[in-house]
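Structure assessment
So the chains spell out like this:
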Amino acid sequence: MRLTLHVWRQKDAASPGRFVTYEAPDVSPDMSFLEMLDLVNEGLVERGEEPIAFDHDCREGICGQCGIVINGQAHGPRPRTTTCQLHMRSFRDGDVLTLEPWRAKAFPVLRDLVVDRTAFDRIIAAGGFVSENTGSAPDGNAVLVPRHMQEKAMDAAACIGCGACVASCKNASAMLFVSAKV
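Figured I'd write up the structure that's included with this text. Here the structure is a predicted model, which means the values were calculated and not measured. (Residues numbered from 1 in each chain as written. Predicted model: local features only at pLDDT ≥ 70, side-chain atom pairs only at ≥ 80, totals over all residues. Heavy atoms only, no water.)

1. Here we look at the side chain of T83
Just so we agree on the cut-off: Labels follow the DSSP assignment, with helices taken as runs of H or I lasting at least four residues and strands as runs of E lasting at least two, numbered in each case from the N terminus. N or O atoms within 3.5 Å of each other form a polar contact, as long as, within protein, one can give a hydrogen and the other can take it, and as long as residues adjacent in sequence are counted only when both atoms are side-chain atoms. Contact criterion: two residues are considered in contact whenever any of their non-hydrogen atoms come within 4.5 Å of each other.
Secondary-structure assignment places T83 in the loop between β4 (73-74) and β5 (96-100). Polar side-chain contacts of T83 include one of 2.9 Å to the side chain of H75. Those residues in contact with T83 that lie beyond four places of it in its chain are F33, L34, C66, G67, I68, I70 and H75.

Dropping the structure here:
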């Protein structure tokens, strides 16, 4: 596949940013989105240009560090899929993709697609996750928990703390999504 990428480039937090266009040739549909960015970066380095900075860690869809807004959608077009688990088969040959960092005041851009997640991490560390009383661990199976409470608990447990909810929210409010206790 061949893609055209409009990527947000910003030297540092104090510098103004802008979109820069890159071609991504020879993209395999089996690559993850981050592997595609690695391929683009290899080409940039070969030409003596600065590689695109982006966050990643586990590349297994469980840490949430790979947050990128792809065509206006946090993590891209597939629901419940992180950027690192998004495969290029989700796109078509010739597609034009716009890549930008999370756009929320709580996530200031540090460089290119990398944002400072410190404020969000503090909320989560302070106990910002939703909690449902489902009984103590020793006799959890003995306590009947209503289905609606089970669903709430599972929804809260599924959160990986990536910040996509904040980046997608028009108010950029983490408290709406993580039920922060501040």
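Continuing now.
2. Some details on the side chain of R117
What counts is decided by this rule: For the exposure calls, accessible area comes from a 1.4 Å probe over protein chains only, and a residue counts as buried if that area is under 20% of its type's maximum, exposed if over 50%, partly exposed in between. Charge counting treats Lys and Arg as positive and Asp and Glu as negative, with His and both chain ends excluded. Think of a salt bridge as a Lys or Arg side-chain nitrogen and an Asp or Glu carboxyl oxygen that are within 4 Å of each other.
Note that R117 resides in the loop between β7 (114-115) and α2 (118-125). Buried charge without a salt bridge: R117, with D55 as the nearest opposite-charge side chain at an N-O distance of 4.2 Å. Only 2.4 Å separates the side chain of R117 from the backbone oxygen of C162, close enough to count as a polar contact. Excluding residues that lie within four positions of it along the chain, R117 makes contacts with D55, G64, Q65, C66, G67, W102, F107 and C162.

3. Focus: unusual backbone geometry
Positive phi, normally seen in glycine, also occurs at R80, with a value near 55°. Looking at where R80 falls in the secondary structure, it is placed in the loop between β4 and β5. In this structure, D112 is a non-glycine residue whose phi angle is positive, near 45°. Summarising the element assignment, D112 is placed in the loop between β6 (109-111) and β7.

4. A few points about the sheet that holds strand β1 (residues 3-9)
Worth spelling out the cut-off: Any two strands with at least two DSSP-identified bridges between them are counted as paired.
Taken in spatial order, the five strands line up as β2-β1-β5-β3-β4 in an open sheet, and their pairing is mixed. Bordering the open sheet on either side are β2 (18-24) and β4, each of which pairs with just one other strand. As paired strands, strand β3 (residues 69-70) and β5 are joined by two bridges and run antiparallel to one another. Across the sheet, residue V69 finds its bridge partner in β5, namely E100.

5. As for helix α1 (residues 33-46)
What counts, and what does not: The length a helix should cover is 1.5 Å for every residue beyond the first.
Here α1 spans 20 Å end to end across 14 residues, near enough to the 20 Å set by a 1.5 Å rise per residue. Buried within α1 are the following residues: F33, L34, M36, L37, V40, N41, G43 and L44. The secondary structure elements touched by the buried residues of α1 are β1, β2, β3 and β5. Once α1 finishes, G48 follows within two positions and takes phi at roughly 80°, a positive value.

6. Notes on the pattern of salt bridges
Tallying each qualifying case throughout the model produces seven salt bridges. As a salt-bridge pair, R2 and E23 come within 3.7 Å of each other at their nearest N and O atoms. On the criterion of sequence distance, the pair formed by R2 in the segment before β1 and E23 in strand β2 is long-range, its members being 21 residues apart. E151 serves as the salt-bridge partner of R147, at 2.9 Å between the closest nitrogen and oxygen. In this pair, R147 and E151 are both assigned in helix α3 (residues 147-158), four residues apart and thus about one turn of the helix distant. Under the relative-accessibility criterion, E151 is labelled partly exposed at 35%.

7. Side note on the packing of aromatic side chains
This is how the line gets drawn: Centres within 6.5 Å are what make two rings of Phe, Tyr or Trp a pair, Trp counting through its six-membered ring; a difference in plane orientation under 30 degrees is then read as stacked, over 60 as edge-to-face, and the rest as tilted. Distance and angle both matter: a charge sits over a ring if NZ of Lys or CZ of Arg is within 6 Å of the ring centre and within 35 degrees of the ring normal.
Inspection of every chain in the model, using the stated rule, returns two aromatic pairs. Seen from their ring centres, W8 and F19 are 5.2 Å apart, and the 75° between their planes marks the pair as edge-to-face. With W8 in strand β1 and F19 in strand β2, this pair connects stretches of sequence that are eleven residues apart. You can call W8 buried: its relative accessible area is 13%. Between F33 and F91, the ring centres sit 5.9 Å apart and the planes meet at 55°, which makes this aromatic pair tilted. Separated by 58 residues along the polypeptide, F33 in helix α1 and F91 in the loop between β4 and β5 bring together distant segments of the chain. We note that F33, like F91, is buried. Its end group placed over the ring of W8, R103 keeps NZ or CZ at 4.3 Å from the ring centre.

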